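Architecture at a glance
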Amino acid sequence: MLHAFLISLVVVALSEMGDKTQLLALLLAARFRKPVPILIAIFLATVVNHGVSAVLGQWITTVLSPTILLWIVSLGFIAMAGWMLIPDELDDESESINKWQKYGVFGATFVLFFLAEIGDKTQIATVALAARFDSIGWVTLGTTLGIMLVNAPAVFIGNKLADKLPISLIHKIGAAIFLIIGVAALVQHYFF
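Residues numbered from 1 in each chain as written. Predicted model: local features only at pLDDT ≥ 70, side-chain atom pairs only at ≥ 80, totals over all residues. Heavy atoms only, no water.

Naming follows an unreviewed UniProt entry, where the protein chain appears as GDT1 family protein of Acinetobacter wuhouensis. Listed under Subcellular location (unreviewed entry) in UniProt, the entry text for the protein chain is "Membrane". UniProt lists a comment for the protein chain under the heading Sequence similarities (unreviewed entry), and it reads "Belongs to the GDT1 family." (UniProt positions renumbered as here; feature names shortened; annotations may be inferred.)

This is how it looks when you write it as structure tokens:
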């Protein structure tokens, strides 16, 4: 299952680069200037969100035939490849932060990050990865650490590092990985 962990970590880390949740982490860090509670809240929000997503991915494997599941997961990965090439933007979140700020740094970060992850490409990738690899725990661990690997530096270093990273290239690499996983699953099933 180390394979499921490593693929989940790499795919989600690459997906998170320049993602709206990474931009949210930067915004929260700039607003609150308290990196430890922000990172703990991001970690816990991700564990809950991706844990539920991985359970959903596993459940899907019980209600769909293996052939239909293969096509849905494979085409999902291929669609994610295209989605990776569309840059994310963060709407003006100041109003949302102000709304949740009454719950403190941790509470505001947890709620905002959890909500931002709903329907996000990293959440959808978690569902697909759990369905593909048949492992709730390893996929959740991999995707959560992938999120943390990208957001921890964002929270501590902020915009200084973000401007120096080749986000477009990183998105293209992530898209290629999604495409390879999707096509490889189909090729493996029909030719091997």
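1. Some points on helix α7 (residues 121-133)
End to end, α7 covers 18 Å across 13 residues, agreeing with the expected 18 Å (1.5 Å per residue, within 8%). Summarising burial for α7: eleven of the 13 residues are buried, a large majority. Three or more residues of α7 are buried, namely Lys-121, Thr-122, Gln-123, Ala-125, Thr-126, Val-127, Ala-128, Leu-129, Ala-130, Ala-131 and Phe-133. Among the residues trailing α7, Asp-134 stands out with phi positive, at a value near 55 degrees. (Helix = DSSP H or I, 4+ residues; strand = E, 2+ residues; numbered from the N terminus. Expected span 1.5 Å × (residues − 1). Buried < 20%, exposed > 50% of the residue type's maximum accessible area, 1.4 Å probe, protein only.)

2. Topic: unusual backbone geometry
Glycine aside, residues mostly have negative phi angles, and peptide bonds mostly take the trans form. Here the phi dihedral of Arg-33 falls at roughly 55 degrees; this positive angle occurs in a residue that is not glycine. Within the secondary structure, Arg-33 is located in the loop between α2 (20-32) and α3 (35-63). Its identity as a non-glycine residue notwithstanding, Asp-134 has a phi of 55 degrees, on the positive side. Position of Asp-134 among the secondary structure elements: in the loop between α7 and α8 (136-157).

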